[in-house]
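An overview of the molecular structure
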Amino acid sequence: MFSFGTRNVGIDLGTANTLVYIEGKGIVLREPSVVARNTKTNEVVAVGTAAKEMLGRTPGSITAIRPMRDGVIADYETTVAMLKYYLGKALGTRGAKPYVTIGVPSGVTAVERRAVIDAARVAGARDAYVIEEPFAAAVGAGLPVMEPTGSMVVDLGGGTTDVATISLGGIVSSRSIRMAGDKIDEAIMTYVRQKYSVLIGEQTAERLKMAIGSADVEASEDMEGTTARGRDLVTGLPKTIEIKASDVADAIKDVIAEVIVAIKETLEETSPEIAADVIDRGIVLTGGGAQLAHLDEVIAEATKVPVFVAPEPLDAVVIGTGEALKSIDVLKNN
């Protein structure tokens, strides 16, 4: 049971982070999608930032997991516990249950959609509705999605990259690929292990991506490097190594190439009229991956279409789910 009357809630239930938007208040919560449980009692020990700090550092009795994988629910019970915690934290503990709108990747199955809706209901929502993330991202980025003009959005999240062309309130063509932030982190970990014989963790790989990551191998040559700490696979001892920006760019180039292929395939499926609109308006990047250095330039060079990063790329999807709440009656009838 939640407070603030019947104020509705929009949620970006992401693989890496969960954001909560309350109607009339805006974004009220932004936390990592991580839950720590006691393996003996099954009790939730920590959620969000506190749980993320435990990743890779837990004793045998505690496990820190990310219940969302590739943009969908991988661990149902843990996702319910996480949603319940975040809804309670955002809304308080008294009052009417809210209607909830949740963003999902455009490529999810009917079963995966149902799992998200059921999880939200069990977590305390009066009812739940899903909205495709690229459409939500386009709304959140301020694109004219309801007009008879074509727009294109690329939402680069933690688990999936969603590409879509949109016109007249609907998705015209789309692609959802499981090549996004997580794959970039994995690629960096693999590269460092193979080149330097050092094993680094997910959080270290993420830090390297954010600090010195670049989508352009050539441009990365002029960027400063940084240090990374891990375990030497030869000696088994802790080791600090110097990582060049070009190392990270080289590590992630295949993931970036897959994203570009998805964008090209989506463009190839669009009508000439929408393609012309996209050339005029450009491609808009949203999601955490949109912040990767030189990504807009690399995509623009590959597609010969202007590319722009949304003003608040991390918030676009949850703002879009929040805007969808204004049409809650339409959602109820769908």
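Residues numbered from 1 in each chain as written. Predicted model: local features only at pLDDT ≥ 70, side-chain atom pairs only at ≥ 80, totals over all residues. Heavy atoms only, no water.

This part is about the sheet that holds strand S12 (residues 161-167). Taken in spatial order, the five strands make up an open sheet running S13-S12-S11-S17-S18, and their pairing is mixed. Among the strands making up the open sheet, the edge pair consists of strand S13 (170-177) and strand S18 (307-309). Going from strand to strand, the sheet's axes swing by 20 degrees on average, the running direction of each strand aside. The sheet contacts of helix H8 (residues 245-268) involve strand S11 (151-156), S12, S13 and strand S17 (283-286), and relative to S13 the element is tilted by about 155 degrees. (Pairing = 2+ DSSP bridges. Helix = DSSP H or I, 4+ residues; strand = E, 2+ residues; numbered from the N terminus. Axes fitted to C-alpha atoms, helices over the stretch in contact; angles between N-to-C directions. Contact = heavy atoms within 4.5 Å.)

Moving on to the UniProt feature "binding site: ATP" (unreviewed entry) in the protein. Listed under "binding site: ATP" (unreviewed entry) in the UniProt record, and renumbered for this structure, are Thr-15, Ala-16, Asn-17, Gly-158, Gly-159, Thr-160, Glu-206, Arg-207, Leu-208 and Lys-209. Residue placement: Thr-15 occurs in the loop between strand S1 (9-13) and strand S2 (17-22). We classify Thr-15 as buried; its relative accessible area is 3%. Leave out the neighbours within four places in its chain, and Thr-15 touches Ser-33, Arg-66, Met-68, Arg-69, Asp-70, Gly-71, Gly-158, Gly-159 and Asp-182. Residue placement: Ala-16 occurs in the loop between S1 and S2. (UniProt positions renumbered as here; feature names shortened; annotations may be inferred. Buried < 20%, exposed > 50% of the residue type's maximum accessible area, 1.4 Å probe, protein only.)

Before going further, it helps to spend a moment on the sheet that holds strand S14 (residues 198-199). Reading across from one edge, S14-S15-S16 is the order of the three strands in this open sheet, with antiparallel pairing throughout. Among the strands making up the open sheet, the edge pair consists of S14 and strand S16 (238-243). In terms of strand pairing, S14 meets strand S15 (residues 226-232) through two bridges, oriented antiparallel. Following the sheet pairing, Leu-199 is matched in S15 by Arg-231. Seen against the sheet, helix H5 (residues 181-196) touches S14 and S16 and runs at an angle of roughly 100 degrees to S16. Each of S15 and S16 touches helix H6 (residues 202-212); the most contacted strand, S15, lies at about 165 degrees to it.

In this section: the confidence of the model for the protein. Predicted confidence across the protein gives a mean pLDDT of 91, with 95% of residues reaching 70 or more. Averaged pLDDT values over the elements of the protein bottom out at 56 in helix H12 (residues 328-333) and peak at 98 in S17. Overall, residues 1-5 carries pLDDT values under 50, and its contacts beyond four positions in sequence, including any with other chains, amount to 26 contacts. (pLDDT = per-residue confidence, 0-100.)

In this section: the domain arrangement of the protein. Interface size, as often reported, equals the accessible area lost upon joining of the parts. Each assigned domain of the protein is listed with its residue range as follows: domain 1 (8-135 + 316-332), domain 2 (148-179 + 252-313) and domain 3 (181-251). Between domain 1 and domain 3, the contact holds seven residues from the first and four residues from the second. Overall, the association of domain 1 and domain 3 removes approximately 490 Å² of surface from exposure, summing both partners, and the carbon and sulfur fraction of that is 23%. A per-residue breakdown of the area domain 1 buries against domain 3 is headed by Lys-52, Arg-66 and Arg-69, which together make up 63% of the total. Here domain 1 and domain 3 share four salt bridges between them. Across the pair Glu-202 and Arg-66 runs a salt bridge whose closest N-O atoms are separated by 3.6 Å. Linking domain 1 to domain 3 there are three residue pairs in polar contact (both at pLDDT 80 or more). When the residues that make up the side of domain 1 that touches domain 3 are grouped by side-chain class, the tally is one nonpolar, one polar and five charged. (Domains from an automatic or database assignment. Buried area = accessible area lost by both parts, 1.4 Å probe. Salt bridge = Lys/Arg side-chain N within 4 Å of Asp/Glu carboxyl O. Polar contact = N/O pair within 3.5 Å; in protein donor to acceptor, adjacent residues only side chain to side chain. Nonpolar A, V, L, I, M, F, W, Y, C, P; charged D, E, K, R; others polar.)

Here we come to unusual backbone geometry. Trans peptide bonds make up the majority, and among non-glycine residues the majority have a negative phi. In this structure, Ser-197 takes a positive phi of about 55 degrees despite not being glycine. Of note, Ser-197 is situated in the loop between H5 and S14. One non-glycine residue, His-294, lies in positive phi territory at about 70 degrees. Here His-294 lies in the loop between S17 and helix H10 (295-303). Taking the relative accessible area as the measure of exposure, His-294 reaches 21% and is therefore partly exposed.

A word on the pairing of strand S9 (residues 99-104). Burial analysis of S9 places six of its six residues in the buried class, the great majority of the element. A two-sided burial pattern is seen for S9, the buried positions comprising Tyr-99, Thr-101 and Gly-103 on one face and Val-100, Ile-102 and Val-104 on the other. The pairing of S1 with S9 spans three bridges and is classified as parallel. Across the sheet, residue Ile-11 finds its bridge partner in S9, namely Ile-102. The pairing of S9 with strand S10 (residues 127-132) spans six bridges and is parallel. Of the residues in S10, the one forming a bridge with Gly-103 is Ile-131. Chirality of the crossover, the property in question, places the unit of S9, helix H3 (residues 110-123) and S10 among those that are right-handed. (Right-handed = clockwise from strand over helix to strand, strands pointing away.)

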